[in-house]
Amino acid sequence: MLFCCTGIRSVAQDTKPDTVSVGIYITSIHDIDFKQKEYSITFWLWLKYKNKDFDFLNNLEVPQAKSVDKSFSLVDSSGDRIYMQMKMQCVMKDSWKIGNFPFDRQKLRLSIENSQFDSRSLVFVADTVGQNFDKRFTLRGWDVDSCIVSTGIKVYETGFGDESLPKPHTEYSSYKLRLDIKRDAGGLFWKMFLGMYIAFLIAYICFYIHIDGMDSRFGLSVGSLFAVVGNKYIIDSSLPESSSFTLVDTLHGLTLICILLVIAANAYCLRLFKQNKLKKVIKFDLMAAQVMLIVYVLLNIWFIWQASRN
């Protein structure tokens, strides 16, 4: 919470709430930390209202903010209403959906509330004139799909220690912004999965090594198996923990299964070779190599296509 994190929230009188017009303009989003589920945002915020009891300098709250810094503020009360402008930098905590990583789409959320007055005294109205973000700002590795602002009521099932309330239930007006972004995944995909694909190809080459080099065939296959496992651990170290099966898990799991099938095929070829069935070994190698490659490529295309279109 911002400025007034634990202060007692006042109970509003049963009167028509005062309206506060709120506008926002985002100038920068940076330091997106996928592992820690946080990002930094810099924006201008302005409020227009008539009730002089509203102290937004001290009672402005930014839910889900890890830290808030107000670098500039301006208050103009010369007219019939108060105009307040602030420049703020926030480190926001949010939840990430990593099921389709690196073809993921994320929603960055920001909301503000007044920690002193509830919805019976204060209601936010969105100022929708103009743009809400600078289209020239660089969001490295991401593309902005849309920016949506709205207002609503945030419900708290607590009275914040106010014993005069009949039940522990309070409602506060909320101004909300949602920024929909999608990752530019082209280069990142190959950076993260190139090692896995090379490991598979090394194992796949075993089908074209003569049966006399069975030790080499087994050695390359087992080495590729460990390489895929290592590649997955490296990728997982940069992602948030997830209990669901992600695209990263699917592609690595598919590759591990295919390499295990290569090892099983090598064992079968060795058995045929010891039975002096060399022609059958050669025929099996060629057939297994073609089927393995076709199935592996098609399944990769299918899983990647499914992830990129969601």
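If you're wondering where the values come from, they're calculated on a predicted model, not measured in any experiment.

Moving on, we come to the pattern of salt bridges. All told, the structure shown has 13 salt bridges when counted by the stated rule. Here Lys-154 ties to Glu-113 by a salt bridge, and the two come within 4.0 Å at their closest N and O atoms. With Lys-154 in strand S8 (residues 142-156) and Glu-113 in strand S6 (residues 105-114), the pair connects residues that are 41 residues apart, well separated along the chain. Using a relative accessible area of 34% as the deciding quantity, one classes Lys-154 as partly exposed. Members of the salt-bridge network, linked through shared partners, are Glu-38, Lys-66 and Lys-93.

Before going further, it helps to spend a moment on the layout of surface pockets. In this structure, the largest pocket occupies an estimated 430 Å³ of space. Lining the largest pocket are 17 residues; nearest its centre among them are Ile-32, Arg-140, Gly-141, Trp-142 and Arg-183. Every element with two or more residues in the lining of the largest pocket is listed here: strand S1 (18-33) and helix H2 (186-204). Looking at the lining of the largest pocket, the element that brings in the most residues is S1, giving 4 residues. Class assignment for the residues of the lining of the largest pocket results in 9 nonpolar, 3 polar and 5 charged. Of the volumes computed, that of the second largest pocket is approximately 250 Å³. Contributing to the lining of the second largest pocket are 15 residues, with Arg-109, Leu-110, Ser-111, Lys-176 and Leu-177 lying nearest its centre. For the lining of the second largest pocket, the secondary-structure elements that each account for two or more residues are S6, S8 and strand S9 (170-183).

A few words now on the state of the cysteines. Counted by the stated rule, this structure contains 0 disulfides. Here Cys-206 stays free of any disulfide, with the sulfur of Cys-269 as its closest cysteine sulfur at 11 Å. A relative accessible area of 0% places Cys-206 in the buried class.

So, about the packing of helix H3 (residues 214-236) against helix H4 (residues 247-274). Across the interface, H3 lies against H4 with an axial gap of 10 Å and an inter-helix angle of 170°. In terms of orientation, H3 and H4 fall into the roughly antiparallel class. Looking at the contact of H3 with H4 residue by residue, the class counts come to 16 nonpolar, 6 polar and 4 charged.

Looking now at empty space enclosed by the protein. Under the defined criterion, the tally for this structure stands at 2 cavities of 30 Å³ or more. Lining the second largest cavity are Ile-26, Ile-29, Tyr-39, Ile-41, Leu-108, Arg-109, Leu-110, Leu-177 and Leu-179. Of all the elements in the fold, those that place two or more residues in the lining of the second largest cavity are S1, strand S2 (38-49), S6 and S9. Looking at the lining of the second largest cavity element by element, the count peaks at 3 residues for S6. Within the lining of the second largest cavity, the residues separate by chemical class into 8 nonpolar, no polar and 1 charged.

What counts, and where the lines are drawn
- Residues numbered from 1 in each chain as written.
- Predicted model: local features only at pLDDT ≥ 70, side-chain atom pairs only at ≥ 80, totals over all residues.
- Heavy atoms only, no water.
- Salt bridge = Lys/Arg side-chain N within 4 Å of Asp/Glu carboxyl O.
- Helix = DSSP H or I, 4+ residues; strand = E, 2+ residues; numbered from the N terminus.
- Buried < 20%, exposed > 50% of the residue type's maximum accessible area, 1.4 Å probe, protein only.
- 1 Å grid on protein atoms, 1.4 Å probe; cavity = no way out; pocket = protein on both sides within 12 Å on 5 of 7 lines; lining within 4 Å.
- Points joined across faces, edges and corners; volume = space filled by probe spheres on them.
- Nonpolar A, V, L, I, M, F, W, Y, C, P; charged D, E, K, R; others polar.
- Disulfide = S-S within 2.5 Å.
- Axes fitted to C-alpha atoms, helices over the stretch in contact; angles between N-to-C directions.
- Parallel < 35°, antiparallel > 145°, perpendicular 65-115°, else oblique.

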